[in-house]
Amino acid sequence: MNHVKLCRVVGLMGILAATAATGCKKPEKKDAVSPSGSASSAAAASGGSACEQLGKKICDKVGEKSGACTGAKNTLELLADSACTAGIKDFSFTEKKLQEQGKKCEELVEKLCTGVGKETETCKMVQEKTKSFPPDQCSQMLEHVDEIVTDLKQQEKANQPLTNDQMVAIAAEDAPSFGPKTSKVTIVEFSDFQCPFCAKAANVTSQIKEKYGDKVHFVFRQFPLSFHQNAAGAAQAALAANAQGKFWEFHDEMFKNQAGLARPDLEKLAKTLGLNVDKFKQDLDSAALKPRVDADVKMGEDVMVQGTPTMFINGKRISNPTDFDAVSKDIESALGS
């Protein structure tokens, strides 16, 4: 089975998150037959074209967000109204086929949730995400249930809240941060300056700073991924900027221009932001910064960070750190608890 890597967590959660956005197979269509006058008249009378009505009937059965709904709409756009009118007339055939196909996804959910535990958050995620799967995806995944369950169990373990000692360690004072350390809410992010998803999370960070101010303590940890050529250098540059009190300015600008993270670009940015460029270069050339980045990576690995961005709020791993509304709900919950 192909695993979705990108900058996200490797494993089934990546597959589940990406399936709806990748190939949805177009459903088989029944050979068109000549429409009866009554069916055609009924379609016109109820408003919308026959193909729009047929698409609505299918989506009402399988759910608007499902792959089958999207695939049906895409296919119906290619058909003549006469074919769709015939489909409406004989919709019981389509309905039966949809029910048969849906059983594969129901079987997949049952086997995965049995394997990982029906009361787990991971089971709930499987139940929700599988709604968008086309039937052929469910059939393919059924052939790899044991492998997927292993991934799911690993993810369930990773999703357990951190211990107090773990949270204290990753929120220690050696990392760039904003907000008072005595805040009721502590947020720790592990990030990669070359990861596009982290750029979205950086926007969330700015919104957190604007909305919550001194109500939260936010800590930034470096987690450059090995396949990002300039990520490690950018991480060290961020720490060099932090030494001159310009971490967050450097942070924001690097995420705004992820294509410009080579050494000359970083030196130019240091000059633009008013840093002492000679000191900045000396820090980058020294042997002191790399061990600090490596220490952050090791710290992340110790708390099962498997990809970026990864964000913790009071020790709870956030499922979607690129969505401010979702993050805000968790912050509000922590503030009110």
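Residues numbered from 1 in each chain as written. Predicted model: local features only at pLDDT ≥ 70, side-chain atom pairs only at ≥ 80, totals over all residues. Heavy atoms only, no water.

Okay, the nonpolar core next. Counting residues in hydrophobic clusters, the biggest one holds 43 residues, and the most contacted among them are Ile 187, Phe 193, Ile 208, Phe 250, Met 254 and Phe 280. Membership of the second largest hydrophobic core comes to 17 residues, among which are Cys 105, Leu 108, Cys 113 and Met 125. (Core = buried A, V, L, I, M, F, W, Y, C linked by side-chain atoms within 4.5 Å. Buried < 20%, exposed > 50% of the residue type's maximum accessible area, 1.4 Å probe, protein only.)

Take the packing of aromatic side chains next. Within the structure shown, the criterion is met by 11 aromatic pairs. For the pair Phe 178 and Phe 218, a centre-to-centre distance of 5.1 Å together with 5° between the ring planes defines the contact as stacked. Separated by 40 residues along the polypeptide, Phe 178 in strand β1 (residues 177-178) and Phe 218 in strand β3 (residues 216-222) bring together distant segments of the chain. Residue classification places Phe 178 among the buried positions, given a relative accessible area of 11%. Taking the relative accessible area as the measure of exposure, Phe 218 reaches 0% and is therefore buried. (Phe/Tyr/Trp six-rings, centres within 6.5 Å; stacked < 30°, edge-to-face > 60°. Helix = DSSP H or I, 4+ residues; strand = E, 2+ residues; numbered from the N terminus.)

So, about the pattern of salt bridges. When the charged atoms of two side chains with opposite charge come close together, those side chains can pair. With the rule as written, the count across this model stands at 15 salt bridges. One salt bridge in this structure joins Arg 221 and Asp 174, with 2.8 Å as the shortest N-O distance. With Arg 221 in strand β3 and Asp 174 in the loop between α10 (164-170) and β1, this residue pair connects regions lying 47 residues apart in the sequence. On the basis of relative accessible area, Asp 174 is assigned to the partly exposed category, the value being 45%. Via salt bridges that share partners, Arg 263, Glu 267, Lys 281 and Asp 285 belong to a single interconnected network. (Salt bridge = Lys/Arg side-chain N within 4 Å of Asp/Glu carboxyl O.)

This part covers helix α12 (residues 231-242). Along its 12 residues, α12 runs 16 Å from first to last C-alpha, staying within 8% of the 16 Å computed at 1.5 Å per residue. Where burial is concerned, most of α12 is hidden: 9 out of the 12 residues are buried. Among the residues of α12, those classed as buried are Ala 231, Ala 234, Ala 235, Gln 236, Ala 237, Ala 238, Leu 239, Ala 240 and Ala 241. In this fold, the buried residues of α12 make contact with β3, α13 (247-256), α14 (263-272), α15 (277-285) and α16 (289-302). (Expected span 1.5 Å × (residues − 1). Contact = heavy atoms within 4.5 Å.)

For the protein chain, the mean per-residue pLDDT works out to 85, and 85% of the residues sit at or above 70. Low pLDDT (under 50) marks residues 1-45, which in the prediction has 85 contacts with non-local residues, meaning those over four places away or in another chain. (pLDDT = per-residue confidence, 0-100.)

For the rest of this paragraph, the subject is the pairing of strand β4 (residues 310-313). Of the two faces of β4, both are covered, the one formed by Thr 310 and Phe 312 as well as the one formed by Met 311 and Ile 313. The pairing of strand β2 (residues 185-191) with β4 spans 4 bridges and is antiparallel. Paired with Phe 190 across the strands is Thr 310, a residue of β4. Alignment of β4 against strand β5 (residues 316-317), held across 2 bridges, turns out to be antiparallel. Residue Phe 312 lies in a different strand from β5, and its bridge partner there is Arg 317. Two successive antiparallel strands, β4 and β5, enclose a turn made up of 2 residues, where Asn 314 displays a positive phi of approximately 50°. (Pairing = 2+ DSSP bridges.)

This part is about the side chain of Ser 328. Looking at the element boundaries, Ser 328 is found in helix α17 (residues 324-336). Setting aside its immediate chain neighbours within four residues, Ser 328 contacts Lys 211 and Tyr 212.

This part covers unusual backbone geometry. In this model, Thr 308 is joined to Pro 309 through a cis peptide bond whose omega is -5°. As for its position among the elements, Pro 309 is in the loop between α16 and β4. Located in the positive-phi region is Met 304, a residue other than glycine, with phi close to 60°. Tracing the backbone shows Met 304 in the loop between α16 and β4. The class of Met 304 is buried, set by a relative accessible area of 18%. At Asn 314, a residue that is not glycine, the phi angle is positive and equals roughly 50°. One can find Asn 314 in the loop between β4 and β5.

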